[in-house]
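Residues per chain are reported as follows:
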Amino acid sequence: MAGKKTALKEAKIVLQDGTIFEGFSFGAEKSVPGEVVFNTGMVGYPESLTDPSYKGQILVLTYPLIGNYGVPNDSCDKYGLPLNFESEKIQAEGLVVADYSSEYSHYTAVKSLSDWLKEEGKPAIFGIDTRQLTKKLREKGVMLGKIVVEGCSDVKLEDPNIRNLAAEVAVGKKTVYNEGGKRKIVLIDCGVKLNIIRSLVNRGCSVIRVPWDYDFPADKELDFDGIAVSNGPGDPKMCTATIKNVAAAMKKELPMFGICLGNQILALAAGGDTYKLKYGHRSQNQPCISPATGRCYITTQNHGYAVNMKTMPAGWEELFVNANDGTNEGLRHRSKPFMSVQFHPEATPGPVDADYLFDEFLRMVK
Amino acid sequence: MVNPNIATCQTDKQFADKIYFLPVTPYFVEKIIAKERPDGILLGFGGQTALNCGIALHDSGVLQRYNVKVLGTQIDAIKATEDRELFVKAVETAGLKTPRSFAVTNANDALKAAEKIKYPVMIRSAYALGGLGSGVCRDAKELSDMARQALASAPQILVEEYLEHWKEIEYEVVRDASDNCITVCNMENFDPMGIHTGESIVVAPSQTLTNHDYHKLREIAIRLIRHLGIIGECNIQYALDPNSDEYRIIEVNARLSRSSALASKATGYPLAFVAAKLALGYSLTEIKNSVTQTTTACFEPALDYIVVKIPRWDLKKFRNVSRKVGSSMKSVGEAMAIGRTFEEAIQKAMRMLDIGAYGLVGNSDNKANPKSRRGSRGISGMQSYDLDDELANPTDERIFAIVDAIKEGYSIKQLHDLTGIDEWFLYKIINVVEIEKELAEAATKELTPGLLKKAKQNGFADRQIAKITCAKANDIRALRKKHGIAPVVKQIDTLAAEYPAKTNYLYLTYNGNGDDITFSSSHKKIIVLGSGVYRIGSSVEFDWCCVNAVFTLRQLGYEAIMINYNPETVSTDYDVCDKLYFDEISSETVADIYEKESPEGAIVSMGGQIPNNITLKLNEFGVRILGTTPGSIDQAEDRQKFSQLLDKLGIDQPQWEELTSIEEAKEFAAKAGYPVLVRPSYVLSGAAMSIAFADDDLEQYLAKASKVNEEYPVVISKFIMNSKEVEIDAVAACGKIIIEAITEHVENAGVHSGDATMVFPPKKLYVETTRKISEIAAKIAEALSITGPFNMQFLAKENEVKVIECNLRASRSFPFVSKVSKKNFAEIATKAILGLEKANGRPTDAANGVSCVGVKSPQFSFTRLKGADPIISVEMASTGEVACLGSTTYDAFLKAIMAAGFKLPEKNILLSVGGDDAKIKFLPYAKKLSELGYSLFATHHTAMFFEKNGIKATMLHKVSEDKKPNILDYLDGRNEEKLHLVVNIPTAFTKKELEDEYVIRRKAADYGIPLITNLQLARLLAEAIAAVKPEELEVKAWDEY
């Protein structure tokens, strides 16, 4: 393990079932509770940590060597969007890794991962057998847990999924990016990853980012051509307002594109049902097959809930299916302009294979 | 299957229906096609040789004529990757970037191109394997020299932008006919651009790439591979600017490569298997992930460990060779280590190289003070060196120089500026050096459990810690056990534990707190120790033995547990055995695994010298050694003990003595008479073995020998001139031989057995000689109570037989004799070890009933080893071998040398035969060559001798003489007709081969002219080409013999 000269503080991660893994602290000195989830991606910790979908969760990275390339700067593009992150701050509650590299090397790096975590007040722990921990989560399903740092007051376990997490991470007020773009897309922010916005503005769209519960069908002033429903944390059923608004938009047959949580919201709005996966899909190597073409795409994913395809009403078909476990990876309406995917076509982190879906959506928008 | 590499598993019956041990050349493959009329041909599995052959067959219309379909990537796409101009065009069309580059066909144009690009520039030759003929040129002189040389073996070369110190990154890409395309693995070179990836330390996955870098290059890879239309597997190499977002695509290999073998082992994703399926038209989604057996093969493995590969060089074996590593490949093998920290993996890999290193640090003799100057160079043999130069212009030992520089207080920046190695890697090495310091401090106080654990987590071996802390390795082991510090077993599962794995592809780590597997089994378990890293002297042959042992064990219902760490082997395919531990073959690691698994015992006699060397230690650790006892193995390995045994049994041996001082050695030599042979015990492939002709030779050699192996004494023996060398491979049970095979060497004694041309069944041995050899082998087998495989080497002269050595393990020639005789020695040996096969009366002579002759020829790599003297001697120099079968020795011999890359002479032959005796002996053969219509050329003395004896030969002046006609002109073939064969028989065995002769040999190698330096071999060649015309060479499958 990387040996820093300063004395290391011990820390541990405690699971709901009583399992304890001991390591050392390299983040903020405080203890936190959360839902413990693992991600098997090998790159992209700055992107993952700032992904709002990790709100309420303690993130375990299965790739053991973390911190190698430090953390990039927080400069923004011309739309005011941070260039290097998926939101303005670290969203995960805590980070668990095997081997933290205190020394980093990359031309874009401005600070170490440890310093960043400390600045953002997020605890982190290294020296953990993350494989053993992951196997436990795989076998027993995701569990509640907590990071407890030596000398910091202990905390109680808390289930984040009973909170409306989307509401906690979504934008507070309507924000417009690339005003005057060719097409106007209303983006319902349930915890959107910024690359969804970038993917749309880079295609010449004007993006109107609205809070998760914004009643856009009722906003007569709002002029738009299509709707994007973002990713976000937690149980989709907590987003009752979003579901209601999307259902209303569906009645009007407005073109819409759901991503991740957005996929689940479209399903719920259409009258289908969702369920919690045992340990979710959090990785950058999920193969998704398009039943229409037989083609398989490698996708990046971060979700704990999934759509139960059997509950979907007539008219809906599966856009993608997970090649490994057969779970739903996307929906499409046979006659209406609705599509959604369970994975992340905007990538960051992960493969960009599915980036073309933004073009498909925009073709639908016309 | 067409492959003359007889020692491979792929040329085993269970792997192919029909096997041709023939050269992979358009000529022979066309004959095979005409005979077999296959429906399809796979070109992407046999490396560059197969690819080049396939392109030639396509271009000459053979494939079309016989309606043979190329499966997988089509020829057009292959050409677009192989022809640089086409490639650059294709990359540009795809909107991507390659280095600035100009294709030239002569040295002048090369200079012009370099001016446009600006020095330093890089030259590369198209259609070349292992970066042959490529290099960095810093000025016009270097460029003009190198360009001439490269153009001698390639019609076209490229002068390119040299991307010094850019990161070198590779991706392995798989694409199916339905256009599904994935990258299975990426790898990052520790050594930046300028050093061939085969010469670099490589890690998987990349370590210093951000998400942006990683996925940008991944997307480019997929875009380009789609654009090129590759179907199956390929490899793409990039240069990535460490200071910006710039990249260049260096090359695409539209075939499986060394990198894909590494990637397969690094990820558990069976690239060759999948590529074969795709070539047959399957789509990726139709193939299952071999590890989980439930998920799809259309995915990208997620690793939860780090893999480090380090090349193994054997440059010390070559006289005059340049030890610099660069853009041309010189390494002969590689070790791959798996860990959960970089430090753990790289330190394992350093030990796996089997070059005597204990890790990155702790190799110094001055172990108490790791800060001492040149500390880590203990194994290097170099007394002093220029550290800055070593860092900037690396040799095979740069990694040690980095450690030294850190200890000398070089800053990270200095190190990075000199080496171009990413700072992240350097920080990790510093970390190891720091821990060494902590351990050294602990030596004077107390080694705390915390520090011990930290050291183990950072890859320190028990013996390394012992060396640093001035303790004994056994005590460190005991201390570890006392504190419960033990490694855990982790699985490689391709999905980072997301799905359960059905296979047992395993490694050990100290960075974990639980084993992934349980160790109970309903079957009896047996561990087979593998052969470790390939090096000169130990290659694919031992892997064949291990794999056959494993197959035999499994057939007999045992659970076969393999331990090996060589990514190039079949034994490290996780589906070959029941459990694969991809880890060190050291007494420490094997004992750790043994204690977890509690098997019936371990087989140490199949993997060559590495397992053999740790037998005693393993036995001490309580490992039950199956087969011949450790005591007997030691008795055969220890020269002194073995000699006493021979004396006791009344078996003759060359006069010898164990050496304690140079004075004693000289005394011995005076008594026995020169020449004498000097060698250390416990070595394979004749490391530091030499013949001395005078006192000063002796002094020089002894200095070299003692450095290679200090733990064991050095032995000096009388060297017997003009003696034949004969080997026996055998299997015995309880001291009785079951089966034996006697093989003769074409070359007289004085050529290492690994470099010798071997004939089986022997054709030129007296019955009395073979009888004596069998008799001696039987006596030895009984005396050492051998159970399992063994091999002995003999000198035979006028029916006198003397024993040279005896190895109580499988030998390099086991697969050769097994395949020629169709009697599987490895299988029989395994059964003997298990007590299931007994001798039944007299030993079976494997030659009985063999209707053909097998000839095994060495494959040399002198062309790549810049400066090395391409001569064969007691020190092994060949890097591979091939064998062909024929009805006659001549037929098999010609095919075998052609398979090893030898081109039969068209017309011009240079003869340079040293010494009167050799000249007289060669005279009839020269006459024969002359009669056959060859144009003979000769050096001064040889020409005069021939003239006196009525043979016409054109006299050529030596290179050093500035006179025409000069040899140099005929070697480079620019102004004169090029030579097609050089026969240079060195003047006796004198120490200083005349510089002129060296120049002839070296230039022959540089200009790709076939070279023969041995009299017996030259005679056999002359006989063979007189007896068999090339078009008469047999084209028969193995089962037709």
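Residues numbered from 1 in each chain as written. Chains lettered and ligands numbered in written order. Predicted model: local features only at pLDDT ≥ 70, side-chain atom pairs only at ≥ 80, totals over all residues. Heavy atoms only, no water.

(A) The arrangement of the overall build of chain A in detail. Helix and strand counts for chain A come out as 8 helices and 21 strands. For a compact globule of 366 residues, the expected C-alpha radius of gyration is about 21 Å, and chain A comes in at 20 Å, within 12% of that figure. Here the C-alpha coordinates of chain A stretch approximately 60 × 45 × 35 Å along the principal axes. Counting every position in chain A, which comprises 366 residues, the buried fraction comes to 68%. If you take every contact in chain A between residues at least 6 apart in sequence, the share linking residues at least 24 apart comes to 72%. When the accessible surface of chain A is split by element, carbon and sulfur atoms take 48% of a total near 12,300 Å². (Helix = DSSP H or I, 4+ residues; strand = E, 2+ residues; numbered from the N terminus. Rg over C-alpha atoms; globule rule 2.2 N^0.38 Å. Buried < 20%, exposed > 50% of the residue type's maximum accessible area, 1.4 Å probe, protein only. Contact = heavy atoms within 4.5 Å. Areas by Shrake-Rupley, 256 points an atom, 1.4 Å probe, with all protein chains shown as cover.)

(B) Focus on the overall build of chain B. Helix and strand counts for chain B come out as 35 helices and 37 strands. The globule rule puts the C-alpha radius of gyration for 1041 residues at 31 Å, and the 28 Å found for chain B is close to it. Seen through its principal axes, chain B has C-alpha atoms that stretch 75 × 70 × 60 Å. In chain B, which comprises 1041 residues, the share counted as buried stands at 65%. Taking the intrachain contacts of chain B between residues at least 6 apart in sequence as the baseline, contacts between residues at least 24 apart amount to 69%.

(C) Focus on the domain arrangement of chain A. Residues and elements named next belong to chain A. Taken domain by domain, chain A holds domain 1 (2-162) and domain 2 (165-365). Between the C-alpha centres of domain 1 and domain 2 there is a distance of 27 Å. Counting from both sides, the interface comprises 35 residues of domain 1 and, opposite them, 31 residues of domain 2. The largest share of the area that domain 1 buries against domain 2 comes from Tyr79, Leu81 and Glu86, three residues that together contribute 24% of it. Counting the contacts that link domain 1 with domain 2 gives 2 salt bridges. Between Glu86 and Arg198 there is a salt bridge, with the nearest N and O atoms lying 3.3 Å from each other. At the junction of domain 1 with domain 2, the criterion picks out 15 residue pairs in polar contact (both at pLDDT 80 or more). Those elements giving two or more residues to the side of domain 1 that touches domain 2 turn out to be β3 (32-39), α1 (45-49) and α3 (130-140). (Domains from an automatic or database assignment. Buried area = accessible area lost by both parts, 1.4 Å probe. Salt bridge = Lys/Arg side-chain N within 4 Å of Asp/Glu carboxyl O. Polar contact = N/O pair within 3.5 Å; in protein donor to acceptor, adjacent residues only side chain to side chain.)

(D) A look at unusual backbone geometry. Residues and elements named next belong to chain B. A cis amide bond links Tyr119 with the next residue in sequence, Pro120, at an omega value of -5°. Mapped onto the elements of the fold, Pro120 is located in the loop between α6 (107-117) and β4 (121-125). Going from Lys964 to Pro965, the amide bond is cis rather than trans, its omega being -10°. When you line up the elements, Pro965 lands in the loop between β35 (954-955) and α33 (967-972). The phi dihedral of Asn67 falls on the positive side, at around 55°, and the residue is not glycine. For Asn67, the position within the fold is in the loop between α3 (62-65) and β2 (69-71).

(E) Representation of the interface of chain B and chain A in the model. Contacts between chain B and chain A engage 65 residues on the former and 55 residues on the latter. Of the roughly 4,600 Å² buried where chain B meets chain A, counting both sides, 48% is carbon and sulfur surface. Along the contact surface separating chain B from chain A lie 9 salt bridges. Salt-bridge contacts for Arg340 of chain B lead to Asp129 of chain A; the nearest nitrogen and oxygen are separated by 4.0 Å. Linking chain B with chain A are 29 residue pairs in polar contact (both at pLDDT 80 or more). At the level of elements, β8 (181-189), α8 (211-228), α11 (342-352), α15 (423-444) and β14 (488-491) of chain B are the ones that each hand at least two residues to the side of chain B that touches chain A.

(F) Quick look at the sheet that holds strand β6 (residues 157-161) of chain B. All names here are of chain B. The antiparallel open sheet is built from 4 strands, whose spatial order is β3-β6-β4-β5. Looking at strand neighbours, the two that pair on one side only are β3 (101-104) and β5 (135-137), the edges of this open sheet. Direction aside, the axes of adjacent strands within the sheet are offset by 30° on average. Where β3 lies against β6, 4 bridges are found, and the strand directions are antiparallel. (Pairing = 2+ DSSP bridges. Axes fitted to C-alpha atoms, helices over the stretch in contact; angles between N-to-C directions.)

(G) Local environment of the sheet that holds β35 of chain B. Residues and elements named next belong to chain B. Read across the open sheet, the 5 strands follow the order β35-β34-β33-β36-β37; overall the sheet is parallel. Two strands close off the open sheet at either side, each with one partner strand: β35 and β37 (1011-1012). Across 5 bridges, the pairing between strand β33 (residues 908-913) and strand β36 (residues 981-985) is parallel. Paired with Ile909 across the two strands is Leu981, which belongs to β36. The sheet strands contacting helix α35 (residues 1015-1027) are β36 and β37, and the helix crosses β36 at an angle near 145°.

(H) Representation of the pairing of strand β32 (residues 880-886) of chain B. All names here are of chain B. In terms of burial, β32 is a largely internal element, 7 of the 7 residues being buried. Taking every second residue as pointing to the same face, both faces of β32 are buried, with Gly880, Val882, Cys884 and Gly886 on one and Glu881, Ala883 and Leu885 on the other. Of the strand pairs in this sheet, strand β31 (residues 853-859) and β32 are connected by 7 bridges, and their pairing is antiparallel. Note that in β32 the partner of Pro858 across the bridge is Glu881.

(I) Spatial organisation of the side chain of Lys330 of chain B. Residues and elements named next belong to chain B. Here Lys330 shows up in the loop between β12 (306-312) and β13 (333-339). Of the side chains with opposite charge, Glu199 comes closest to the buried, unpaired Lys330, at an N-O distance of 6.2 Å. A distance of 2.7 Å separates a polar atom in the side chain of Lys330 from the backbone oxygen of Lys324. (Lys, Arg positive; Asp, Glu negative; His and termini not counted.)

(J) View of the side chain of Arg255 of chain B. Residue and element names in this part refer to chain B. Structurally, Arg255 can be placed in the loop between β11 (247-253) and α9 (258-267). Among buried charged residues, Arg255 stands out as having no salt bridge; its nearest opposite-charge side chain is Glu82, 5.0 Å away. A polar contact is formed between the side chain of Arg255 and the side chain of Gln48, at a distance of 3.0 Å.

(K) Just the pairing of strand β24 (residues 714-718) of chain B, in detail. All names here are of chain B. Within β24, 4 of the 5 residues are buried, which leaves it mostly tucked inside the rest of the structure. Pairing of strand β21 (residues 656-659) with β24, which is carried by 4 bridges, proceeds in the antiparallel orientation. Along β24, the bridge assignment pairs Leu659 with Val714.

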